[in-house]
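# A look at the structure
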Amino acid sequence: MDEQPNWIKVSAKLANGTAIDIIGVKVRIEKETTPDLSSRKDQLEWICSQNSKTDTLIMLGDLNYGPHRTEYLNTKELNWQDIIDMMRHNQILNVAYPKDNFIEDSPYSPYSPFGSSFKNEQIDWLVAKNVRINRDSSYNQLDWSFGRHNTQSFKNGYLVPQGYFIRTDPAYPDHAIFTAEISVPSEEEKTVKK
């Protein structure tokens, strides 16, 4: 449907008894215009509203929406903060949860490791609800090393800051590999009071 991004949802139960939904998302784009950006926002709003009642959630992928997408449009109607506010309104961003008998506050916004996830941009994000992102972990990165063997720079593609040529021909990945270390509380941990 027009208001939906490309997405896949996997529901699982972890060994610690926690039910979790993992959603991979790619927001569809048309052109770099204000109406297209509005469409991207509608797609994000749709998927957030569909999952607002989910207790433990990870949404990860190509949101095609970030600070750099709205800065150049110079529009007051659409900006990155609108997306964060919409996610908060739909209650899909992190909330405080118990850990080791005390409440640990998780950052209340989408997360992406330092660096670029596509060309020189950062459009891949992790949205978490009742999931702690271990932001100091060395595992958190946008990894371009899969491009180290690409030598055909005459093909369609681009160079990334790490010096690798990334091909964008069909069947070749053109985004960094996004890894992040997370902690998911058990059902017991989520019921512990401060």
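Read on for a plain summary of the structure. Bear in mind that the values here come from a model prediction, so they are computed numbers and not experimental data.

## Brief notes about the packing of helix 1 (residues 34-50) against helix 3 (residues 80-89)
- Where helix 1 contacts helix 3, the two axes come as close as 10 Å, and the packing angle between them is 15°. On the basis of the axis angle, helix 1 is roughly parallel to helix 3. For the pair helix 1 and helix 3, the sense of crossing is right-handed. Across the interface between the two elements, Lys41, Leu44, Glu45 and Cys48 of helix 1 pack against Asp82, Ile83, Met86 and Met87 of helix 3.
- Broken down by class, the residue content of the contact of helix 1 with helix 3 amounts to five nonpolar, no polar and three charged.

## A look at the nonpolar core
- Core analysis: the largest hydrophobic core is formed by 22 residues, its most contacted members being Val25, Leu44, Met59, Tyr65, Ile83, Met87 and Ile92.
- Those elements giving two or more residues to this core turn out to be strand 2 (19-26), helix 1, strand 3 (57-62), helix 3 and strand 6 (124-129).
- If we ignore the near neighbours within four places in the chain, the residues touching isoleucine 92 are Cys48, Asn51, Ser52, Leu57, Met59, Met87, Val127, Ala128 and Lys129.
- In this structure, Ile123, Ala128, Trp144 and Phe178 belong to the second largest nonpolar core, which totals 18 residues.

## Observations concerning the packing of aromatic side chains
- All told, the structure shown has six aromatic pairs when counted by the stated rule.
- With a centroid separation of 5.7 Å and 75° between ring planes, the pair formed by phenylalanine 118 and tyrosine 158 is classed as edge-to-face. Of this pair, phenylalanine 118 sits in the loop between strand 5 (102-104) and strand 6 while tyrosine 158 sits in strand 9 (residues 157-159), and the two are 40 residues apart along the sequence. Each of the two residues, phenylalanine 118 as well as tyrosine 158, counts as buried.
- The interplanar angle of 85° and the centroid separation of 6.1 Å between the aromatic rings of tryptophan 144 and tyrosine 158 together place this pair among those described as edge-to-face. One end of the pair, tryptophan 144, is in the loop between strand 8 (141-143) and strand 9; the other, tyrosine 158, is in strand 9, with 14 residues separating them in the sequence.
- Through a chain of ring-to-ring contacts, three or more aromatic side chains come together here, namely Phe118, Trp144, Phe146 and Tyr158.
- When the ring centre of tyrosine 172 is taken as origin, the NZ or CZ atom of arginine 167, which lies over that ring, is 4.1 Å away.

## Things to note about helix 3
- Here helix 3 has its buried residues at Trp80, Asp82, Ile83, Ile84, Met86 and Met87.
- Those residues of helix 3 hidden inside the fold are in contact with helix 1, strand 3, helix 2 (67-71) and strand 6.
- Capping of helix 3 at its N-terminal end is provided by asparagine 79; its side-chain oxygen lies 3.0 Å from the backbone amide nitrogen of glutamine 81.
- Looking at the residues trailing helix 3, positive phi occurs at glutamine 91, about 55°.

Calculation notes
Residues numbered from 1 in each chain as written. Predicted model: local features only at pLDDT ≥ 70, side-chain atom pairs only at ≥ 80, totals over all residues. Heavy atoms only, no water. Axes fitted to C-alpha atoms, helices over the stretch in contact; angles between N-to-C directions. Helix = DSSP H or I, 4+ residues; strand = E, 2+ residues; numbered from the N terminus. Parallel < 35°, antiparallel > 145°, perpendicular 65-115°, else oblique. Left-handed = near helix turned anticlockwise from the far one by under 90°. Contact = heavy atoms within 4.5 Å. Nonpolar A, V, L, I, M, F, W, Y, C, P; charged D, E, K, R; others polar. Core = buried A, V, L, I, M, F, W, Y, C linked by side-chain atoms within 4.5 Å. Buried < 20%, exposed > 50% of the residue type's maximum accessible area, 1.4 Å probe, protein only. Phe/Tyr/Trp six-rings, centres within 6.5 Å; stacked < 30°, edge-to-face > 60°. Lys NZ or Arg CZ within 6 Å of the ring centre and 35° of its normal. Polar contact = N/O pair within 3.5 Å; in protein donor to acceptor, adjacent residues only side chain to side chain.

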